[in-house]
Amino acid sequence: SSGINAEYGETRQLWRVLAVFIPLPFFWALFDQQSSRWVLQARLMNGNLTMFGGQFEVKPDQMQALNPIFILALIPVFESVVYPLMKKVGLPTSPTFRIILGMTITACSFVICGFLQIAMEGKVSSWNDAHPGDNFTIDNFPKNEQIHILTQIPMIFVITCGEILTSITVLEFAYSYAPPSMKSVCQSLSLLTTAVGNLVVIIFSKVTDKPTYLFFMWAAIVLLAAVLQGFICKKIQGPLDEYRLKELEGKNDGVELKEKDSAV
């Protein structure tokens, strides 16, 4: 009977932990557009670069190589600088706050992307006004006259910060509360949220064919997901802590019992 009760308690605890993954597909819906919509934007930009006396061309998909580089560089910075600094200035560093902050920062990266798209469209409009005989669109505008591709660096940096705060913290949160026998389920569901996020992109991308509107729409969607995340974490935090406390008390009772048996 006690074994059945323990399994029932572990299952309930797992369901509470899994609830934290519910808003995550909306985060991945934005994040994975680095390799799709952001690349399409980069295709229309000026990739010419003069360095070390030579002429190079930065390819649109090469910009995505910055994400893993930023990840490797920033994880130690967050652990040794950002989180201690947050504590020092009085900001919370709880998993809930970090996840919500990460989603908000991810939304900011798409706001930056949206304004960059507006600037590109403005460049085309200004050119057509200055050259009455021309009637370029953003798709056929000369790339060497367009905004430089390296202007995408800030939004890649920002979304990388959002990734560190969100995806890493969610897994850390799930592993810390999930029953030991069910931690692998958390990893499986984390991968599933990525797949669902791609499905979300397919559905919501049909809302409009204007990239500028889409960028701001995605920013608004992930902000709503951040609000949902805060609500879920507030609901489940108490029961999660209560279960873990009981689990620790049970382990302590077991240790005391063993000590008494050995003493006898």
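Since we're looking at a predicted model, the values are computed, not measured.

A. Representation of the overall build of the protein chain. Per the secondary structure count, the protein chain includes 8 helices and 2 strands. Secondary structure elements of the protein chain occur, N-terminal to C-terminal, as α-α-α-β-β-α-α-α-α-α. Evaluated residue by residue, the protein chain yields a buried proportion of 41% over its 264 residues. Counting contacts in the protein chain only where the partners sit at least 6 residues apart, residues at least 24 apart contribute 80% of the total. Surface exposure of the protein chain reaches about 14,500 Å², of which carbon and sulfur atoms provide 66%.

B. Quick look at the layout of surface pockets. One number sums up the size of the largest pocket: a volume of about 290 Å³. Lining the largest pocket are 15 residues, and of these Leu44, Gln117, Ile138, Asp139 and Pro211 sit closest to its centre. Within the residue set of the lining of the largest pocket, elements represented by two or more residues are helix H3 (37–43), helix H5 (95–130) and helix H8 (211–263). In terms of residue class, the lining of the largest pocket is built from 6 nonpolar, 3 polar and 6 charged.

C. Here's a closer look at the pattern of salt bridges. All chains considered together, the criterion is met by 2 salt bridges. Between Glu57 and Lys59 there is a salt bridge, with the nearest N and O atoms lying 3.6 Å from each other. Accessibility expressed as a relative area gives 41% for Glu57, which makes it partly exposed. For Glu172, the salt bridge identified is with Arg98, shortest N-O distance 3.4 Å. Of this pair, Glu172 sits in helix H6 (residues 153–177) while Arg98 is found in helix H5, placing the two residues 74 residues apart along the sequence. We classify Arg98 as buried; its relative accessible area is 8%.

D. How the structure looks around the pairing of strand S1 (residues 48–51). By the bridge criterion, 4 bridges tie S1 to strand S2 (residues 54–57) in an arrangement that is antiparallel. Bridge pairing in S2 links Met51 to Gly54. The hairpin formed by S1 and S2 contains 2 residues between the paired strands, and Phe52 there has a positive phi angle of roughly 55°.

E. Representation of the side chain of Ser167 in the model. Topologically, Ser167 is positioned in helix H6. Given a relative accessible area of 12%, Ser167 falls into the buried group. In this structure the side chain of Ser167 is engaged in a polar contact, spanning 2.8 Å, whose partner is the backbone oxygen of Glu163. The contact partners of Ser167, leaving out residues within four places of it in the chain, are Phe27 and Trp28.

F. Focus on the environment of Pro60. Locating Pro60 in the fold gives a position in the loop between S2 and helix H4 (66–88). Each C-alpha atom, one on Pro60 and one on Ser35, is 9.5 Å from the other, the two residues being 25 residues apart in sequence. The contacts of Pro60, once residues within four sequence positions are left out, are Val39, Ala42, Arg43 and Ile149.

G. Spatial organisation of the nonpolar core. Counting 64 residues, the largest nonpolar core has Val20, Phe21, Trp38, Phe110, Cys186 and Trp218 as the members making the most contacts within it. Of all the secondary structure elements, the ones that give two or more residues to this core are helix H1 (2–18), helix H2 (24–31), H3, H4, H5, H6, helix H7 (183–204) and H8. It is H8 that contributes the most residues to this core, 13 residues altogether. Not counting the four nearest positions on each side in its chain, Cys186 is found in contact with Leu14, Val17, Leu18, Phe21, Leu171, Ala174, Tyr175 and Ala178.

Rules used in this analysis
Residues numbered from 1 in each chain as written. Predicted model: local features only at pLDDT ≥ 70, side-chain atom pairs only at ≥ 80, totals over all residues. Heavy atoms only, no water. Helix = DSSP H or I, 4+ residues; strand = E, 2+ residues; numbered from the N terminus. Buried < 20%, exposed > 50% of the residue type's maximum accessible area, 1.4 Å probe, protein only. Contact = heavy atoms within 4.5 Å. Areas by Shrake-Rupley, 256 points an atom, 1.4 Å probe, with all protein chains shown as cover. 1 Å grid on protein atoms, 1.4 Å probe; cavity = no way out; pocket = protein on both sides within 12 Å on 5 of 7 lines; lining within 4 Å. Points joined across faces, edges and corners; volume = space filled by probe spheres on them. Nonpolar A, V, L, I, M, F, W, Y, C, P; charged D, E, K, R; others polar. Salt bridge = Lys/Arg side-chain N within 4 Å of Asp/Glu carboxyl O. Pairing = 2+ DSSP bridges. Polar contact = N/O pair within 3.5 Å; in protein donor to acceptor, adjacent residues only side chain to side chain. Core = buried A, V, L, I, M, F, W, Y, C linked by side-chain atoms within 4.5 Å.

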